[in-house]
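Read off the chains here:
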Amino acid sequence: MQAVRMELKSAIILEKLPRHVAVIMDGNGRWAKQHGKPRVFGHRNGVQAVRDITEAAAELGIEYLTLYAFSTENWNRPKIEVGALMRLLVETLHKEVKTLMKNNIRLMAIGDLSQLPDATRRALLQGIETTKNNSRMTLVLALNYSARREILQAARLLAEQVQAGELKPEEVSEERFAARLNTGMNQIPDPELLIRSSGEQRISNFLLWQIAYAELYFTPVLWPEFRKEHLYQAIIDFQQRERRFGKTSEQLAQ
Ligand code: IPE
Ligand code: IPE
Ligand code: MG
């Protein structure tokens with residue numbers, strides 16, 4: 001292992017790890033462009049980054065790692081890119097389920113899976129089923145995911161229950177609302193740390209409800225170059241922050 005990587009890893013306080021880290025994997029296209037290659041080349045190389053940080057997160061003892069792989073808005077990309085991404089997903093899932101089994105990692109997905117191409121959905125559901133009893137870490141893929149859509153869906157479910165007389169309007173609480181989000185339905189806790197690569201500083205319709213109190217970490221590193229040391233760096237940064245949750249610094253010291 002490189003010296004820098006080892007040094008960073010040992011600077012992490014294992015008792016203060018975030019339980020859930022979410023990542024907006026961005027910059028594949030720009031990385032490919034830098035190499036004079038088509039965008040798909042960037043996506044292919046992004047897979048190695050996924051492997052690397054999944055392994056790093058599991059080794060550290062992080063419980064949930066959520067990766068934003070395809071947003072609802074990403075359907076608006078050129079057809080050829082969308083097709084290539086969907087095929088890459090199938091290929092990667094087929095290859096990596098073995099690795100997930102070996103490392104005792106459970107796969108889950110959030111987002112509207114019903115609109116995915118059949119082959120992609122099948123590969124995904126198969127991966128989820130095969131790994132469902134694994135317990136070391138949960139890897140959540142956000143696919144055809146839109147936070148606004150997820151929030152609307154939860155609102156609709158609650159409205160239906162109110163209309164059916166099963167719930168009073170005043171019983172619509174934060175807990176009941178959260179339980180009807182994709183994350184709540186799968187018992188996935190809110191992320192404490194949200195990382196975005198490639199220098200963009202926006203959320204792009206990702207986990208809007210769930211990141212209410214997450215620490216945000218932006219790095220200029222393009223996704224295909226994102227490696228274990230970059231995750232370590234983000235966690236060290238997270239551990240140096242004071243999470244006040246509305247209180248004052250003095251209150252926290254008491
Ligand atoms: C992120 O990289 C991957 C997906 C959104 C699927 P991009 O493809 O968005 O890369 P840039 O932003 O064009 O560099
Ligand atoms: C966000 O990245 C979605 C994923 C990482 C899957 P984009 O690159 O699509 O985001 P915008 O559109 O530039 O905000
Ligand atoms: Mg992008």
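Preceding this section is the structure that the text describes.
A.B. asks: Outline the packing of helix α3 (residues 39-60) against helix α9 (residues 228-240), supporting the account with residue identities and numerical values.
C.D. replies: Here α3 crosses α9 at 50°, and the two axes come no closer than 8 Å. Classified by the angle their axes make, α3 and α9 are oblique. Here α3 and α9 pass one another in a crossing that is right-handed. Of α9, the residues touching α3 (which contributes Asp-52, Ile-53, Glu-55, Ala-56, Ala-57, Glu-59 and Leu-60) are Lys-228, Leu-231, Tyr-232 and Ile-235.

A.B. asks: Talk me through the site of ligand 2; I want residue IDs and the actual numbers.
C.D. replies: Ile-24, Met-25, Asp-26, Tyr-68, Ala-69, Phe-70, Ser-71, Asn-74, Arg-77, Arg-196, Arg-202 and Ser-204 make up every residue found near ligand 2. Between ligand 2 and Arg-196 there is a distance of 3.2 Å, counted from an oxygen atom to a side-chain nitrogen or oxygen. Measuring from an oxygen atom of ligand 2, one finds a side-chain N or O atom of Ser-204 at 2.6 Å. Compared with its free state, where it exposes 390 Å², ligand 2 has 78% of that area covered by protein. For the shell around ligand 2, the element with the most residues is strand β2 (residues 64-71), which contributes four residues. The residue inventory of the shell around ligand 2, partitioned by class, reads five nonpolar, three polar and four charged.

A.B. asks: Describe the site of ligand 1, listing the residues and the values that go with them.
C.D. replies: All residues in the neighbourhood of ligand 1 are listed as Met-25, Asp-26, Gly-27, Asn-28, Gly-29, Arg-30, Arg-39, His-43, Ala-69, Asn-74, Arg-77 and Leu-85. Taking Asn-28, its main chain carries an N or O atom lying 3.1 Å from an oxygen atom of ligand 1. Arg-77 places a polar side-chain atom, nitrogen or oxygen, 2.8 Å from an oxygen atom of ligand 1. In isolation ligand 1 offers 380 Å² of accessible surface; the protein chains occlude 86% of this area. With three residues, helix α2 (residues 28-34) is the largest single contributor of residues to the shell around ligand 1. A breakdown of the residues in the shell around ligand 1 according to their chemical character gives three nonpolar, five polar and four charged.

Thresholds applied
Residues numbered from 1 in each chain as written. Chains lettered and ligands numbered in written order. Predicted model: local features only at pLDDT ≥ 70, side-chain atom pairs only at ≥ 80, totals over all residues. Heavy atoms only, no water. Axes fitted to C-alpha atoms, helices over the stretch in contact; angles between N-to-C directions. Helix = DSSP H or I, 4+ residues; strand = E, 2+ residues; numbered from the N terminus. Parallel < 35°, antiparallel > 145°, perpendicular 65-115°, else oblique. Left-handed = near helix turned anticlockwise from the far one by under 90°. Contact = heavy atoms within 4.5 Å. Near = heavy atom within 4 Å. Polar contact = N/O pair within 3.5 Å; in protein donor to acceptor, adjacent residues only side chain to side chain. Areas by Shrake-Rupley, 256 points an atom, 1.4 Å probe, with all protein chains shown as cover. Nonpolar A, V, L, I, M, F, W, Y, C, P; charged D, E, K, R; others polar.

These values are about where atoms sit, not about what they do.
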